[in-house]
Each structure stands twice: as C-alpha cells, then as structure tokens.
Amino acid sequence: MEDVKAGEARAGEARAGEARAGEAKSARGQASAADSVDRHVAVWAKELDWMDPVKEEIFVRLAILARHAAQARRDVLDSDGLQHWQFKVLLMLRRLGPPYAASPSQLADMLGLTRGALSARLGPLEEEGLIARTHHTTDRRRVEVRITDAGYAAFEQHAVSEDRGENALLAVLTPAEKRTLADLLRKLVVAAEAAASASDPSRPSPRRSRSRES
C-alpha cells in the first residue's frame, strides 16, 4: 500500500514538474514576443511605484491599436480616392437600408452638420455621381438625397478593403481568442457608455456602424 502511495506521489510530482516546465516555456515564449508596451511599462514601473502595470499595458495597447486602425482607414481611403467626409455621407445613406435615401435635414442631423454645411458637401458628391438629389416619389415638394449605383460601389469597395486589412491584423488570433477579445471589449464598452450616460443623461449613445464613423 505504501509503495502505491509512493508511486502516486512520484507521479504527482512528475506532473507538477511538467506543469512548471510548461509555464516556464510559455513565459519564455511571451518574453520572445515582447512589444514596445512591455518596454514602456518596464521603464515606468521603476518610476511610478503606484502604477498598475497590467492596467498600463491594456490602455497603451488599446491606444496603439486605435492609432493603427485610424491610419489604416486613412490609407485605404487614399487608395480608393475618397475623402473621409465623402465616405461618411455614403456611410449614413448606406446604413439606412434600401432605398438608401434621406431628406437633407435628416442627413444633416445624422452627420451633426448644419443644412448649409451639408449642402456644401453634397454638391461635390453629386458632381462625382456618388449621390443624387431627387424629388420624393409622392410629394414633389420634398427633396431626397439618394446614393447612386456609383456611390454604392464606392462604399462597397472601401468597406471590403478595410475589412481585408482588419482581418489581416486579427489573423494572429485563433477564432476562440477573437471571440474572447470581442466579449471582453464589449464589457468595457458597456461600462464606458454607462459612465458617459450617468455623467450626462442628455448625451446620446454613440451611433456606430462597424468602425466606419470615426
């Protein structure tokens, strides 16, 4: 009986040793994949003894990814020949669904613009054939802004290009890791939106269509 117990103890020690070896190997792997944030935190952890290094890692990495995403969006817009404000107008019309039309006042409200500022933007878009201003089908006194076939295609081309770049960045994650990351980020967004609403109840929640409105 004692021999059996001794054997089980040795087996347990062996398993524990394997686990420690695995953790050490994992730690070495993480160290070999160190990024600029690790170096940033290492410096400031020495200077700020009150700093939470994990919190710092999270927020600095979020900031880096936000800058990366913003620059990638600008690069794609440049390659597609669209300006940011042009894309935002197409975005707002596209998100409405068929027939992708809105009144000028509705569109101005969606974009946070005055009617005059919107009119100045619609002119160039209309000249390029990306939108059209037409009379309402049942009330000729009403004007509608509609996305054209060319505008639909321009939006689609940009959205697909941006989607391809985002997928390339996320390719380093497994499907399970992506799902976990998405869930954790949702938890943070819910908390952030709740805090914003509590501080200013009249402030509307940000309207987002993927990442495309920023």
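In case you missed it, the structure is sitting above this.
This section reports on the structure supplied with the text. Everything numeric here is computed off the predicted structure, so don't read it as measured data. Going along each chain's sequence as written, the residues are numbered from 1 onward. The predicted origin of the model limits local features to residues at a pLDDT of at least 70 and limits the giving and counting of side-chain atom pairs to 80 or more, whereas totals for whole chains, interfaces and linings rest on all residues. Calculation of side-chain values draws on the structure's entire complement of heavy atoms; hydrogens and water are dropped beforehand.

## Some words on the overall build of the protein chain
Here is the rule we go by: Secondary structure follows DSSP: runs of H or I at least 4 residues long count as helices, runs of E at least 2 residues long count as strands, and numbering of each begins at the N terminus. Partly exposed describes any residue whose relative accessible area lies between the buried limit of under 20% and the exposed limit of over 50%, with all areas from a 1.4 Å probe on protein chains only and scaled to the type maximum. Residue contacts are counted whenever heavy atoms from the two residues lie within 4.5 Å of one another. With residues, only the protein chains shown are counted as cover, and all accessible areas are computed by Shrake-Rupley using a 1.4 Å probe.
Assigned secondary structure in the protein chain consists of eight helices and three strands. Counting over 214 residues, the protein chain shows a buried share of 22%. Sequence-distant contacts in the protein chain: of pairs separated by 6 or more residues, those separated by 24 or more amount to 50%. With the model as given, the accessible surface of the protein chain reaches about 14,700 Å², and the carbon-plus-sulfur share is 57%.

## A few points about the pattern of salt bridges
What counts is decided by this rule: A pairing counts as a salt bridge when a side-chain nitrogen of Lys or Arg comes within 4 Å of a carboxyl oxygen of Asp or Glu.
Overall, the coordinates contain 10 salt bridges when judged by the stated rule. Between Arg 61 and Asp 38 there is a salt bridge, with the nearest N and O atoms lying 3.1 Å from each other. Remark: Asp 38 occurs in helix H2 (residues 36-47) and Arg 61 occurs in helix H3 (residues 53-80); sequence separation between them is 23 residues. Owing to a relative accessible area of 26%, Arg 61 belongs among the partly exposed residues under this scheme. Each of Asp 35, Asp 38, Glu 57 and Arg 61 takes part in a single network of salt bridges with overlapping partners.

## Quick look at the environment of Val 76
Along the chain, Val 76 falls in helix H3. As a C-alpha pair, Val 76 and Gln 157 span 81 residues in sequence and 9.8 Å in three-dimensional space.

## Some thoughts on the sheet that holds strand E3 (residues 143-147)
Basically, it comes down to this: A pair of strands counts as paired when DSSP detects no fewer than two bridges linking them. Note on definitions: angles span 0 to 180 degrees between N-to-C directions of axes, and those axes are lines fitted to C-alpha atoms, for helices only across the stretch in contact.
Judged by pairing direction, the sheet is antiparallel, and its three strands sit side by side in the order E1-E3-E2 without closing on themselves. The sheet terminates laterally at strand E1 (101-102) and strand E2 (131-135), the two strands that pair on one side only. Pairing analysis gives two bridges linking E1 to E3, with the strands arranged antiparallel. Note on E3: the bridge partner recorded for Ala 101 is Arg 146. Where helix H4 (residues 84-95) meets the sheet, it contacts E1, E2 and E3, and its direction lies at approximately 100° from that of E3.

## What to know about helix H7 (residues 149-170)
Short version of the rule: In this analysis, the expected span of each helix is defined as 1.5 Å times one less than the number of residues it contains. When we speak of the arc, we mean the arc of directions from the helix axis to the C-beta atoms.
With 22 residues, H7 ought to run about 32 Å at 1.5 Å a step, and its terminal C-alpha atoms sit 31 Å apart, in line with that. When we look at burial in H7, the residues that qualify are Gly 151, Ala 154, Phe 155, His 158, Ala 159 and Glu 162. Buried residues of H7, viewed axially, fall in a sector of 120°; they line one side. Facing away from the buried surface of H7 by more than 90 degrees, the exposed residues are Asp 149, Arg 164 and Ala 168.

## As for the packing of aromatic side chains
Here a ring pair, both rings aromatic, is described through the centre-centre distance and the interplanar angle of the planes. Our working rule: Here a Phe, Tyr or Trp ring, Trp counted by its six-membered ring, pairs with any other such ring whose centre lies within 6.5 Å, and the pair is stacked when the planes are under 30 degrees apart, edge-to-face when over 60, and tilted otherwise.
The full count for this structure, using the stated rule, is two aromatic pairs. Judged by centre distance (5.3 Å) and plane angle (5°), the rings of Phe 87 and Phe 155 are stacked. Placement of Phe 87 in helix H4 and of Phe 155 in helix H7 is noted, with a sequence separation of 68 residues between them.

## Some thoughts on the side chain of Glu 144
The line we're drawing: Polar contact is defined as a pair of N or O atoms within 3.5 Å, subject to the rule that within protein one atom must be able to donate a hydrogen and the other to accept it, and that residues adjacent in sequence are counted only when both atoms are side-chain atoms.
Relative to the assigned elements, Glu 144 resides in strand E3. In this structure the side chain of Glu 144 is engaged in a polar contact, spanning 2.8 Å, whose partner is the side chain of Arg 146. Sequence-distant contacts of Glu 144, defined by excluding residues within four places in its chain, comprise Ala 101, Ala 102, Ala 132, Arg 133, Thr 134 and His 136.

## Quick look at the packing of H4 against helix H6 (residues 115-127)
Rules: In what follows, roughly perpendicular refers to angles from 65 to 115 degrees, roughly parallel to angles under 35, roughly antiparallel to angles over 145, and oblique to any angle outside these ranges.
Here H4 crosses H6 at 90°, and the two axes come no closer than 11 Å. When the axis of H4 is compared with that of H6, the two are roughly perpendicular. Between H4 and H6, the residues in contact are Trp 85, Gln 86 and Val 89 and Arg 121, Leu 122, Pro 124 and Leu 125, respectively.

## Considering the packing of helix H5 (residues 104-111) against H6
Note the cut-off: Side-chain classes follow a simple rule in which Ala, Val, Leu, Ile, Met, Phe, Trp, Tyr, Cys and Pro form the nonpolar group, Asp, Glu, Lys and Arg form the charged group, and the remainder, Gly included, forms the polar group.
With their axes 9 Å apart at the nearest point, H5 and H6 run at an angle of 100° to one another. Taken together, the axes of H5 and H6 lie roughly perpendicular to each other. Counting all contacts with H5, which are made through Pro 104, Ser 105, Leu 107, Ala 108 and Leu 111, the residues of H6 involved are Arg 115, Leu 118 and Leu 122. Partitioned by chemical class, the residues of the contact of H5 with H6 number six nonpolar, one polar and one charged.

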